[in-house]
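# Architecture at a glance
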Amino acid sequence: MKYENALRNIREDRDLRQKDVAKVLGISQQYYSRYESGETELPTRHLVTLCEFYNVSADYLIGFTREEKTLQRR
């Protein structure tokens, strides 16, 4: 699974709109849609923010695993 698919899937699973997630990131909905489409690469700072927002590991969001693991904090 590519990270674009993971971004869309997790957002939809939580009944959120692109506009909702874009607001968390401080960007426009149009710009966020580019992340989901793969048109623009997701910057690390946004990856970290999304991991915290969704409480999932980066491995899941970038497509290294299909298992939605809870974020492990030290």
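Scroll up to find the structure this text is about.
Because the structure is a prediction, the values reported are computed rather than measured. (Residues numbered from 1 in each chain as written. Predicted model: local features only at pLDDT ≥ 70, side-chain atom pairs only at ≥ 80, totals over all residues. Heavy atoms only, no water.)

Per the stated rule, a full pass over the model turns up three aromatic pairs. Between Y31 and Y35, the aromatic rings sit 5.5 Å apart at their centres with planes inclined by 85 degrees, giving edge-to-face as the arrangement. With Y31 and Y35 both in helix α3 (residues 29–37), this residue pair falls four residues apart, about one helical turn. Through successive ring pairs, a cluster of aromatic residues spans Y31, Y32 and Y35. (Phe/Tyr/Trp six-rings, centres within 6.5 Å; stacked < 30°, edge-to-face > 60°. Helix = DSSP H or I, 4+ residues; strand = E, 2+ residues; numbered from the N terminus.)

Turning our eyes to something else, we now look at the packing of helix α2 (residues 18–25) against α3. Viewed as axis vectors pointing N to C, α2 and α3 meet at an angle of 100 degrees, and their least axial separation amounts to 8 Å. Our classification of the angle between α2 and α3 gives roughly perpendicular. Between α2 and α3, the contacting residues are Q18, K19, V21, A22 and L25 on the first element and Q29, Y32, S33, Y35 and E36 on the second. Partitioning the contact of α2 with α3 into residue classes produces five nonpolar, three polar and two charged. (Axes fitted to C-alpha atoms, helices over the stretch in contact; angles between N-to-C directions. Parallel < 35°, antiparallel > 145°, perpendicular 65-115°, else oblique. Contact = heavy atoms within 4.5 Å. Nonpolar A, V, L, I, M, F, W, Y, C, P; charged D, E, K, R; others polar.)

Our focus in this paragraph is helix α4 (residues 44–54). Structural remark: α-helix, 3.6 residues per turn; residues separated by three or four positions point the same way. Within α4, burial applies to H46, L47, L50, C51 and Y54. Looking down the long axis of α4, one finds its buried residues gathered within 140 degrees of arc, a one-sided arrangement. Those residues of α4 that are exposed and aimed more than 90 degrees away from the buried face are T44 and R45. (Buried < 20%, exposed > 50% of the residue type's maximum accessible area, 1.4 Å probe, protein only. Arc of directions from axis to C-beta.)

Scanning the entire structure with this criterion turns up four salt bridges. Of the charged contacts, one joins D20 and R17 as a salt bridge, the two residues approaching to 3.0 Å between their closest N and O atoms. The residue E39 makes a salt bridge to R34 at a minimum N-O spacing of 4.0 Å. Residues joined by salt bridges that share partners form a network here, namely R11, E12 and E36. (Salt bridge = Lys/Arg side-chain N within 4 Å of Asp/Glu carboxyl O.)

Right, let's talk about the packing of α2 against α4 for a bit. Here α2 crosses α4 at 115 degrees, and the two axes come no closer than 10 Å. Crossing handedness for the pair α2 and α4: right-handed. Here V21, V24 and L25 of α2 lie close against α4, whose contacting residues are H46, T49, L50, F53 and Y54. Looking at side-chain class alone, the contact of α2 with α4 contains six nonpolar, two polar and no charged residues. (Left-handed = near helix turned anticlockwise from the far one by under 90°.)

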